[in-house]
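Chains, contacts and geometry: an overview
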2 protein chains.
Amino acid sequence: MDAAEFRRRGKEMVDYVADYLENIEKRQVYPDVEPGYLRSLIPEEAPEEAESYEDVVKDIERVIMPGVTHWHSPYFYAYFPTANSFPSLLADMLCGAIGCIGFSWAASPACTELETVMLDWLGKMLKLPADFLAGTEGRGGGVIQGTASEATLIALLAARSKIIKLIQADHPDRSETDIISKLVAYSSDQAHSSVERAGLIAGVKMKKIPTDNKFSVRGDALQKVLEEDRAAGLIPFFFCATLGTTPSCAFDCITELGPICNAVEIWMHIDAAYAGSAFICPEFRPLLNGIEFADSFNFNPHKWLLVNFDCSAISYVISHLISLQHWQIPLGRRFRSLKMWFVFRMYGLKGLQAYIRKHVGLAKEFESLVRADQRFEISADVVLGLVCFRLKGSNELNETLLKRINNARNIHLVPCQLAGKFVLRFAVCARTTESRHIQEAWCHIRLELNSTELRPSRTDPCSRLYIV
Amino acid sequence: MDAAEFRRRGKEMVDYVADYLENIEKRQVYPDVEPGYLRSLIPEEAPEEAESYEDVVKDIERVIMPGVTHWHSPYFYAYFPTANSFPSLLADMLCGAIGCIGFSWAASPACTELETVMLDWLGKMLKLPADFLAGTEGRGGGVIQGTASEATLIALLAARSKIIKLIQADHPDRSETDIISKLVAYSSDQAHSSVERAGLIAGVKMKKIPTDNKFSVRGDALQKVLEEDRAAGLIPFFFCATLGTTPSCAFDCITELGPICNAVEIWMHIDAAYAGSAFICPEFRPLLNGIEFADSFNFNPHKWLLVNFDCSAISYVISHLISLQHWQIPLGRRFRSLKMWFVFRMYGLKGLQAYIRKHVGLAKEFESLVRADQRFEISADVVLGLVCFRLKGSNELNETLLKRINNARNIHLVPCQLAGKFVLRFAVCARTTESRHIQEAWCHIRLELNSTELRPSRTDPCSRLYIV
């Protein structure tokens, strides 16, 4: 394929992409395929001879689309959102064309420099303390990681390295492995599995701190475990606070936890993978109060800030590291800051805030629908764009309901466990979700319930909608 | 930006990308900017109000391009190549639009399944032993990582986990940290820095095995260190062999090393980040002989197989892991296998082989030019697309020459150290490099030399070229 053909095919692909996203709600949100479906649809080996672009492109609908879970459908309410915006798609095309590997300043100065400045823009949008910004003095700063999992690992490794140096400064005879064997890190019992995995990778103990009835880690709970562990001869060195947990979007109480960590020189990392984007709105910024006690802070613009995956932003306090390569696992890196630059400029701060507020409003709308139905209960405070709810009744009942909802394929949800209860998670995800989708989604949920347990009422408007 | 504007802007971007790549050799390959250049060119904060696309796009040439090192210029001979092909760019546009996060089968079945099958296609192209393929029985298989750094780390962690289980099976009382403190891993003294870093992250000792006069690790060198370490009470558990080292594209002798590793149950990982792509050609496949002794094998199609970054392929022997999430650090993943699918089909195996052969041929052409000039010497065997060469003379002389070449900005090279000598690395990188670029590059090198040390000859055709 030469440049001339690329011009033609690229424009066709732009139309295909626009068509896909404009009409995505006509596609079934969750696929019907069974595991292993794809292998039989394509050859067992790569072709010897080149195929034409027509051959390839026609297979998108035949092979790929039947097996896609459409994350950007307004009927997708599973997991957490992942971003998809037009400015981001355009920036990513440019990123692919430049195709530099930004592992050092010289490898492509613009790649390193735009990233540093974009992380500062982001830090200012979130009103992070100045210590987290690079500015022109380079006292802190941020870097793009692929995912929050990598960011947590990097923070944990930085903390591990710091504590080892501290201890060895006083006790030069203590070996690294001896120190590591005594180290202990902490997170919420609601923390994402990647936090536990970071501990496994780094070879350090990782303990879960029990949360309160709001699924939040409080100061006294951490304090208690710290005292026990110190008495047992362990060395606490790292606490990963979560702002916006995966199960229920709960918030650890960092205004209590931060001072405790600071007092005993425990590195406090904040994982706000989903919720972090909301902190650009003044009304949600108080959720980040306590950030001044943290050593590192991470969230995913690729979740809720309209910057396509992958773009996970980590900011550090005062770093003496100069090159980005010391701040991450991989050496190579794409020119990902272009996506941030396009998105921040073409939405503007106000546009981004409006987007966050709209999603939170839609979640509140769904919450009201649930609360108005006596058969259901809300399982956790609705703070941002996630609603945790369930039928009043057994876990089995709720599991059956969820299975029916997902089997019907009209909307897609995933569950969570909260205090032993099976709970349905309803996360507002797609950029194009509107009130009518929320209303429809609620009708689908009630219909699945009505169709099995209760006779549908003739006056229930959902019956009509369902048939449409 | 709505879908209608995206259609228009997307098509403009396709033309911009095509223009950029078609005319890339008119741009200066290495930028003139000084560190910090970019910050003063853009505002200190994100705008409050949305800006227009015109505002953003005009800044590409004003802000970004002056700071780009053009990796896809045919005058770029630094580092190793990174891929950039039109089919890959098209697939990446589709990947962005689908925007699924493939952390489990259900999260997007097509994403998990196409990746598994593409890694099998790749395995067959390389004629990997059947144990490395998933097939329909799932005895082995591959997965896409972001970079070789991650792949090495993952292999090391898998090996660490395996040895701990093995030892604890016999000695249930031995703690994990006690075992880890005795573990020792090995690599070539020519191995990439990421191998050493993997050891640091995993908290295990990592030793470098001295190489022979071809910069290759031989069996006896490993054997010697293994015996010493075992005598000292250490537990050897992992050897990272390099096929195609970063400095000189040297090959560890895995036919000797593999049996040694297998005999004492040391996990042998093969890092063929650059060279791996060449193994699709029958004439280069013998370089991979010994693969049958390996436990894991990694190379980067994003380097030399026309699949844009990031796409680093790791294949394992017999795995009982089902979900991709256990095979990598990040949980989230883009639909990267689309790039492989588009590229493999639109080039065909023959097209990919022709591409590799063309680059090797260009390297051989450059080698001949160097050999024909008595002032220069070749510093390592030219096996694939990398030529290591230097002026006969001091390191200072060669440093000066390289500085002059890079300062002139006509071509871009980076150096390496080989056996204490400062050496210039000439890597054939860009997809569009042709014989005329090689000839020009050689002229530029000689001119820099002539302009300082020797008077240019009136009959030297390089003088003419240089002015053009």
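In this text the structure is predicted, and so the values were computed from the model without any measurement.

Attention now moves to the overall build of chain A. Scanning chain A from terminus to terminus reveals 14 helices and eleven strands. What you see for chain A is a C-alpha radius of gyration of 24 Å, in line with the 23 Å of a compact globule of 468 residues. Considering chain A as a whole, with its 468 residues, one finds that 64% of them fall into the buried category. At a minimum sequence separation of 6, the contacts of chain A that also span at least 24 residues come to 72%. Of the side-chain charges in chain A, 51 are positive and 56 negative, and the distance between the mean point of each set is 4 Å.

A separate point is the sheet that holds strand 8 (residues 376-378) of chain A. Residue and element names in this part refer to chain A. The antiparallel open sheet is built from four strands, whose spatial order is 8-9-11-10. Edge positions in the open sheet fall to strand 8 and strand 10 (414-418), since each of these has one partner strand only. Neighbour to neighbour, the strand axes of the sheet diverge by 40° on average, direction disregarded. In terms of strand pairing, strand 10 meets strand 11 (residues 421-427) through five bridges, oriented antiparallel. Its bridge partner being in strand 11, P415 is matched across the sheet by L424.

A word on the interface of chain B and chain A. On the side of chain A, 124 residues touch chain B, which itself brings 124 residues to the contact. Buried surface at the junction of chain B and chain A, summed over both partners, amounts to about 10900 Å²; 66% is from carbon and sulfur atoms. Among the residues of chain B in contact with chain A, F6, R39 and R345 of chain B are the three that bury the most area, contributing 7% of the side total. On inspection of chain B and its partner chain A, the count reaches 18 salt bridges. Along the contact surface separating chain B from chain A lie 57 residue pairs in polar contact (both at pLDDT 80 or more). Listed by contribution, the elements that provide at least two residues to the side of chain B that touches chain A are helix 1 (3-22), helix 2 (53-64), helix 3 (86-98), helix 4 (109-125), helix 5 (148-170), helix 6 (176-182), helix 7 (193-202) and helix 11 (337-371) of chain B. Per-element accounting of the side of chain B that touches chain A gives the leading share, 16 residues, to helix 1 of chain B. When the residues that make up the side of chain B that touches chain A are grouped by side-chain class, the tally is 69 nonpolar, 27 polar and 28 charged.

What follows is about the UniProt feature "modified residue: N6-(pyridoxal phosphate)lysine" (unreviewed entry) in chain A. Residues and elements named next belong to chain A. Following the UniProt record, one finds the feature "modified residue: N6-(pyridoxal phosphate)lysine" (unreviewed entry) at K303. Relative to the assigned elements, K303 resides in helix 10 (residues 301-304). Residue classification places K303 among the buried positions, given a relative accessible area of 19%.

The peptide bond linking F309 of chain A to D310 of chain A adopts the cis configuration, its omega dihedral lying at 0°. One non-glycine residue with positive phi stands out, namely L306 of chain B, at about 70°. Mapped onto the elements, L306 of chain B comes out in the loop between helix 10 (301-304) and strand 7 (312-316).

Within the secondary structure, S248 of chain B sits in the loop between strand 4 (235-242) and helix 9 (254-263). In this structure S248 of chain B touches F215, A380, D381, L386, C388 and L418 of chain B, once residues within four positions along its chain are discounted.

With that settled, the discussion passes to the environment of C249 of chain B. All names here are of chain B. By secondary structure assignment, the location of C249 is in the loop between strand 4 and helix 9. Relative accessible area serves as the criterion here: at 3%, C249 is assigned to the buried category. When the C-alpha positions of C249 and G276 are compared, they lie 11 Å apart, and in sequence the two are 27 residues distant. Sequence-distant contacts of C249, defined by excluding residues within four places in its chain, comprise G244, Y274, L384 and L386.

Turning our eyes to something else, we now look at the pairing of strand 2 (residues 183-188) of chain B. All names here are of chain B. The element strand 2 is extensively covered by neighbouring structure, given that six of its six residues are classed as buried. The sheet contact formed by strand 2 and strand 4 spans five bridges and is parallel. Bridging from a neighbouring strand, Y186 pairs with F239 of strand 4. In this structure, strand 2 lies alongside strand 3 (residues 205-209), joined through five bridges in parallel fashion. Paired with V184 across the two strands is K205, which belongs to strand 3. Where the polypeptide runs from strand 2 across helix 7 and back to strand 3, its parallel neighbour, the crossover connection is right-handed.

Under the criterion given, the structure shown has 68 salt bridges over all chains. Measuring nitrogen to oxygen at the nearest pair gives 2.9 Å for the salt bridge that ties D15 of chain A to K11 of chain B. Highlighted residues: D15 of chain A in helix 1 (residues 3-22) and K11 of chain B in helix 1, drawn from two different chains. The class for K11 of chain B is partly exposed, based on a relative accessible area of 25%. D381 of chain B is the salt-bridge partner of K214 of chain B, the closest N and O atoms lying 3.1 Å from each other. Taken together, the positions of K214 of chain B in the loop between strand 3 and helix 8 (219-231) and D381 of chain B in the loop between strand 8 (376-378) and strand 9 (386-391) put the pair 167 residues apart, joining distant regions of the chain. Relative accessible area serves as the criterion here: at 46%, K214 of chain B is assigned to the partly exposed category. Given a relative accessible area of 43%, D381 of chain B falls into the partly exposed group.

Following both chains from N to C, one finds helix 3 (residues 86-98) of chain A and helix 1 of chain B inclined at 10°, their axes separated by 10 Å at the closest point. Taken together, helix 3 of chain A and helix 1 of chain B sit at an angle that is classed as roughly parallel. Contact residues: F86, L89, L90, M93, L94, A97 and I98 of chain A in helix 3 of chain A; A3, F6, R9, G10, M13, V14, Y16, V17, Y20 and L21 of chain B in helix 1 of chain B. Its residues assigned to classes, the contact of helix 3 of chain A with helix 1 of chain B shows 15 nonpolar, one polar and one charged.

Moving on, we come to the relation of the copies chain B and chain A. The operation relating the pair of chain copies consists of a rotation about an axis and a translation along that axis. For the pair chain B and chain A, the relating rotation is 180°, the translation along its axis is 0.0 Å, and the fit reaches an RMSD of 0.0 Å. Here the symmetry operator amounts to a two-fold rotation axis. Looking at chain B, 100% of its interface residues are interface residues in chain A too, so the copies touch through the same face.

Looking now at the packing of helix 4 of chain B against helix 11 of chain B. The packing of two helices is summarised by the inter-axis angle and the distance between the axes. Residues and elements named next belong to chain B. At a minimum axis separation of 10 Å, helix 4 and helix 11 run at an interaxial angle of 25°. If you check the angle between helix 4 and helix 11, you find them roughly parallel. The handedness of the crossing between helix 4 and helix 11 is left-handed. Contacts between helix 4 and helix 11 involve C111, L114, E115, M118, L119, W121, L122 and M125 from the first element and S337, L338, M340, W341, F344, R345, L349 and L352 from the second. Among the residues making up the contact of helix 4 with helix 11, the classes are represented as 13 nonpolar, one polar and two charged.

All right, on to the packing of aromatic side chains then. Residues and elements named next belong to chain A. According to the stated counting rule, one finds 36 aromatic pairs over all chains in the structure shown. Where F237 meets F238, the ring centres are 6.1 Å apart and the plane angle is 35°; that geometry is what we call tilted. The residues F237 and F238 share a single accessibility class, namely buried. Among the aromatic side chains, those forming a connected cluster through ring pairs are Y77, F366, F376, F389, F426 and W442. One Lys or Arg, R425, reaches over the ring of F80 and ends 4.8 Å from the middle of that ring.

The topology assignment puts R7 of chain A in helix 1. Engagement of the side chain of R7 of chain A in a polar contact is seen with the side chain of D15 of chain B, the distance being 3.1 Å. R7 of chain A has contacts with V14, D15, A18, D19 and E22 of chain B, leaving out every residue within four places of it along the chain.

The rules we used
- Residues numbered from 1 in each chain as written.
- Chains lettered and ligands numbered in written order.
- Predicted model: local features only at pLDDT ≥ 70, side-chain atom pairs only at ≥ 80, totals over all residues.
- Heavy atoms only, no water.
- Helix = DSSP H or I, 4+ residues; strand = E, 2+ residues; numbered from the N terminus.
- Rg over C-alpha atoms; globule rule 2.2 N^0.38 Å.
- Buried < 20%, exposed > 50% of the residue type's maximum accessible area, 1.4 Å probe, protein only.
- Contact = heavy atoms within 4.5 Å.
- Lys, Arg positive; Asp, Glu negative; His and termini not counted.
- Charge placed at Lys NZ, Arg CZ, Asp CG, Glu CD.
- Pairing = 2+ DSSP bridges.
- Axes fitted to C-alpha atoms, helices over the stretch in contact; angles between N-to-C directions.
- Buried area = accessible area lost by both parts, 1.4 Å probe.
- Salt bridge = Lys/Arg side-chain N within 4 Å of Asp/Glu carboxyl O.
- Polar contact = N/O pair within 3.5 Å; in protein donor to acceptor, adjacent residues only side chain to side chain.
- Nonpolar A, V, L, I, M, F, W, Y, C, P; charged D, E, K, R; others polar.
- UniProt positions renumbered as here; feature names shortened; annotations may be inferred.
- Right-handed = clockwise from strand over helix to strand, strands pointing away.
- Parallel < 35°, antiparallel > 145°, perpendicular 65-115°, else oblique.
- Least-squares fit on C-alpha atoms with pLDDT ≥ 70 in both.
- Left-handed = near helix turned anticlockwise from the far one by under 90°.
- Phe/Tyr/Trp six-rings, centres within 6.5 Å; stacked < 30°, edge-to-face > 60°.
- Lys NZ or Arg CZ within 6 Å of the ring centre and 35° of its normal.

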